[in-house]
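# Tertiary structure, described
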Amino acid sequence: MIEPTPNHLPTPGDAGALARLRGMLEAARAVGAGGDLQPLLEAIARAISVSLGFATVVVNLHRPAWDDFEVAVVHGSEAARRVLLGTTRSWKGWQALLDPRFERSGCFLVPHDEFEWDAAGLVSYVPPETVPRAPEDWHPEDALFVPLRSSTGRLLGVASVDEPIDGRRPSDAQLEVLSAVCGHAALAVEHAQAAAEADRDRAAVQHLLRVSARLTGRRTVQEMLAAVCGGIRDALGFQRVIVALTEGPDHRLMIRSSVGWSRDELAALPDVPVSSISRLLRPEHQREGCVLLTREEADVLTPPELHNLHRGERNGRGPLAWSNHWLIVPLHDRDGAFTGIVWVDEPEDCLVPTTEGLQALRAFANQAISAVESTRQLEHLRHLAVHDPVTGLRNRRDLEPRIEDDIAASDAVSVLVCQIDDFQRVIEELGQDAGDGVLRRVAGVMRRATRGSDVPTRLEGSEFAVVLRDTDRIAGLAIAERLRAAVREEFSDLPLPVSVSIGLAATGTSLDTASEVLRAAHRALAAAKRLGPDRAVPYEPAALGLLEGLGDGESRADAGAGEQLAAAMLLAETLDLRDPGTARHAHTVGQLAEQTGRHLGWEAGRIERLRAAGVLHDIGKLGIPDAILQKPGALDADEWGEIRRHPEVGARILEHANLRDIADWVRAHHERIDGRGYPAGLAGTQIPAEARVLAVADAYEAMTADRPYRSSLGAQAAETELRRAAGTQFDAAVVEALLEAIADGDDGVPSPI
């Protein structure tokens, strides 16, 4: 315990003691000048103890968030400190003690025999008992309290003094001095609290300026709003912050950024149409541009589904406390249109914000909407730079780099290049606006028909591209066919048909870069357009080369025949892709036949025709159901009967295409030298030489290729089987020519495409 200097309370006439007291209080005020309240309260308690002669001084500080008084300082008695420090007493409890009947000279002296401490249920400290010798002596259960009021009369706290050094109850004159001292002390507390509040406001403004400076470096709306939410939390002390912006035709509020909310909590919040909070946002409910309402007031103005929207944990008691209030800041653009809200909750101090706090929050909100507008404008400009204004799709500006990225990240990449067939006719018959509508609808079909990770692109005019990651040619062709069908269905309401032609190319051993794949897809599209509308054509160099080689100087008949051959070969290529189990079979047979013809010494034109026949030999399987072609188990007799029809079906297809020579070879490619083949049971030289070559090439490819139901037999086993069947099933000279080609390294392995 600090030994006091005087041995009694000073009186108003004790000039020296009062001067010392004023000096100590001024020193105490200097301690609190920086807004640090605890050292100030300790200095005040010490000044009262030392200068006025009380062994124990307790300062009870009012807590607005709880509407109670907490023992913040206990000076002097260690026993009193253990009992009282940190305890609280409600305003109702103090009202019983600050009763007017106890008031004397601005202080409240409660004699021990006029108040029942146990009955009141209040925590108190009773000094060690001393026996009073006279009525004016201090009794251990006497109590003396002095209210600490601000300059406006607001109760800041209560000073409690005990154990006077002279052992006597103070006189009225001494109480006047004590009241005056506590008045000065109260002003010091008020000044320190104001300084602390000013520091908080200044920190908020400084944080606002820092956030504002950082916002200029943000590239997206999301980054902007995240910085604003963090600024509100850090500067204003709200632990939960949400920024929601209006989106969609029904102007629903969609959460764009938040702090203090978990992902599950955000997911549990309902969709909020603006209409459900429109009454909240009326000007009569706003202060400093913010809507601050009690929960009860907000419930009156909102539909029932929002009444239990969120109930926080940082709530207090009393008129200044936060108690599940609603605090919303409306956001408006520069034209005054409503664009969203900032919603804050759970203030760190559990208090309703002051006018200055609301002004700071409004400033943050203004910063948010300014940032959003600026960034949205920048994003719009960026969007226009890489997007088509009519369809909203990506434009071709960064198509190749995107394809390169996909190639680097994927095992296979396919590119579809699509063009609306006869789009000029659409514009001529329906008008330019309708033409733009067709473009937009085609773009929509592409978004729906392709997968979410695939990015449709508008190239120019009526051309589009779709980049398909992790998609080989087989899967790419399936998507192309689905896309063609979807376009036809989409425009069934128009008076004229709308269709698309599609060229497909995929990465592979000879297509490794974005530019190569794009060029190949454009070549395939050109072939599709040449062969007729509403067609999907995969990139196949040989067939495309044949089609592109048809010059203007050829006769119409020759050109027509060439186109029909190219179309048939592209059809055969499509068949190859349709059945993953035999993929590349027709292509490989064509190359094996070509190499065999070369070793037989045939002339170049005949060899080229033979290679085409090899590609086309199984075209009749287009008439065989997929369920049979792709059956994993053994075929029954009826199913084998269907399979044995494919040479005749293929021949009829090729005859209709005016490819009669190739049709004859294809019809006979399952005939045998011994006459036991099908469909006609031809034997020996009755079988066209080209058909005999196809039979050997087909058999060798089937034996040496892996199938889903079995592994390759291997080249040695295939050679043994061919020699065993030479002269019965196969033409012996053809067998030797094919095996010579393989032995010479001319093995017919398909060239990469």
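All values reported here derive from a predicted model rather than from experimental measurement. In this numbering scheme, every chain counts its residues from 1 along its sequence in written order. Totals for whole chains, interfaces and linings use all residues, but because this is a predicted model, local features are given only for residues with pLDDT of at least 70 and pairs of side-chain atoms are given and counted only at 80 or more. The basis for every side-chain value is the complete set of non-hydrogen atoms in the structure, without hydrogens or water.

Once that is clear, we can look at the packing of helix α18 (residues 585–599) against helix α26 (residues 732–743). Think of each axis as a best-fit line through the C-alpha atoms, taken over the contacting stretch in the case of a helix, with angles from 0 to 180 degrees between the N-to-C directions. Per the convention used, a helix needs a DSSP run of H or I reaching at least four residues, while a strand needs a run of E reaching at least two, with both numbered from the N terminus. Running from N to C, α18 and α26 point in directions that differ by 105°, and their axes come no closer than 8 Å. On the basis of the axis angle, α18 is roughly perpendicular to α26. Together, Gln-595, Thr-596 and His-599 of α18 and Val-734, Ala-737, Leu-738, Glu-740 and Ala-741 of α26 make up the contact between the two elements. By residue class, the composition of the contact of α18 with α26 is 4 nonpolar, 3 polar and 1 charged. In this scheme, roughly parallel covers angles under 35 degrees and roughly antiparallel covers those over 145, while 65 to 115 is roughly perpendicular and the rest are oblique. Whether two residues touch is decided by their heavy atoms; if any such pair falls within 4.5 Å, the residues are in contact. Side-chain classes follow a simple rule in which Ala, Val, Leu, Ile, Met, Phe, Trp, Tyr, Cys and Pro form the nonpolar group, Asp, Glu, Lys and Arg form the charged group, and the remainder, Gly included, forms the polar group.

Where two aromatic rings form a pair, the distance of their centres and the angle of their planes describe that pair. Stacked, tilted and edge-to-face are the three classes applied to pairs of Phe, Tyr and Trp rings, where Trp contributes its six-membered ring and a pair requires centres within 6.5 Å; stacked means planes under 30 degrees apart, edge-to-face means over 60, and tilted covers the rest. Evaluated as defined, the whole model comprises 6 aromatic pairs. Summarising the aromatic geometry, the rings of Phe-69 and Trp-94 are spaced 6.1 Å apart at their centres and angled 70° between planes, so their arrangement reads as edge-to-face. On the criterion of sequence distance, the pair formed by Phe-69 in strand β2 (residues 68–75) and Trp-94 in helix α4 (residues 91–97) is long-range, its members being 25 residues apart. Grouping residues by exposure puts Phe-69 and Trp-94 together as buried. Among the aromatic residues, those joined into a ring-pair cluster are Phe-69, Trp-91, Trp-94 and Phe-145. Above the ring of Trp-261, the side-chain terminus of Arg-240 is found at 4.6 Å from the ring centroid. Residue burial is assigned from relative accessible area. The probe radius is 1.4 Å, only protein chains are included, and a residue is buried under 20% of its type maximum, exposed over 50%, and partly exposed in between. As a reminder, the over-ring test applies to NZ of lysine and CZ of arginine, requiring each to be within 6 Å of the ring centre and within 35 degrees of the ring normal.

Further remarks concern the side chain of Glu-594. Here Glu-594 lies in helix α18. Those residues in contact with Glu-594 that sit more than four places away from it in its chain are Ile-607 and Arg-611.

Put simply, a nonpolar core is a bunch of buried Ala, Val, Leu, Ile, Met, Phe, Trp, Tyr and Cys residues held in one set by side-chain atoms that sit within 4.5 Å of each other. Core analysis: the largest hydrophobic core is formed by 33 residues, its most contacted members being Leu-654, Ile-662, Val-696, Leu-722, Phe-730 and Leu-738. Secondary structure elements with two or more residues in this core: α18, α19 (604–616), α22 (646–656), α23 (660–667), α24 (689–704), α25 (715–725) and α26. Among the elements that take part in this core, α24 stands out by supplying 8 residues, more than any other. Among the nonpolar cores identified, the runner-up in size contains 32 residues, and Ile-44, Ile-48, Cys-107 and Val-177 belong to it.

With that settled, consider α22. Of all the positions in α22, only His-646, Pro-647, Val-649, Gly-650, Ala-651 and Leu-654 are classed as buried. Residue Asn-658 follows α22 closely and has a positive phi angle near 60°.

Here the protein averages 82 in pLDDT, while 82% of its residues score no lower than 70. Across the chain, each position has a pLDDT score giving the predictor's confidence in that residue, from 0 to 100. A low-confidence stretch, residues 549–561 (pLDDT under 50), is modelled with 7 contacts involving residues beyond four sequence positions or located in other chains. For residues 747–753, every residue scores under 50 in pLDDT, and the model assigns this stretch 25 contacts once sequence neighbours within four places are set aside.

Let's shift gears to the sheet that holds strand β1 (residues 54–63). Think of it this way: DSSP has to see at least two bridges between two strands before they count as a pair. Pairing in this open sheet of 7 strands is antiparallel, and the strands run β3-β2-β1-β7-β6-β5-β4 from one edge to the other. In this open sheet, the two strands that pair with only one neighbour each are β3 (88–90) and β4 (103–104). Relative to β3, β2 is paired through 3 bridges, and the arrangement is antiparallel. Note on β3: the bridge partner recorded for Asp-68 is Ser-90. Sheet strands in contact with helix α2 (residues 37–52) are β1, β2 and β7 (155–164), and its direction is about 150° off that of β1.

Turning next to the environment of Arg-394. As for its placement among the helices and strands, Arg-394 is situated in strand β15 (residues 394–395). Separated by 62 residues in sequence, Arg-394 and Pro-456 have C-alpha atoms that sit 6.9 Å apart. Residues contacting Arg-394, with those up to four places away along its chain left out, are Val-386, His-387, Asp-388, Arg-402, Val-455, Pro-456, Thr-457 and Arg-458. As used in this structure description, the phrase polar contact means that two N or O atoms lie within 3.5 Å; if the pair is within protein, one of them must be able to donate a hydrogen and the other to accept it, and residues adjacent in sequence are counted only when both atoms belong to side chains. Of the polar contacts made by the side chain of Arg-394, one reaches the side chain of Asp-398; its length is 2.3 Å.

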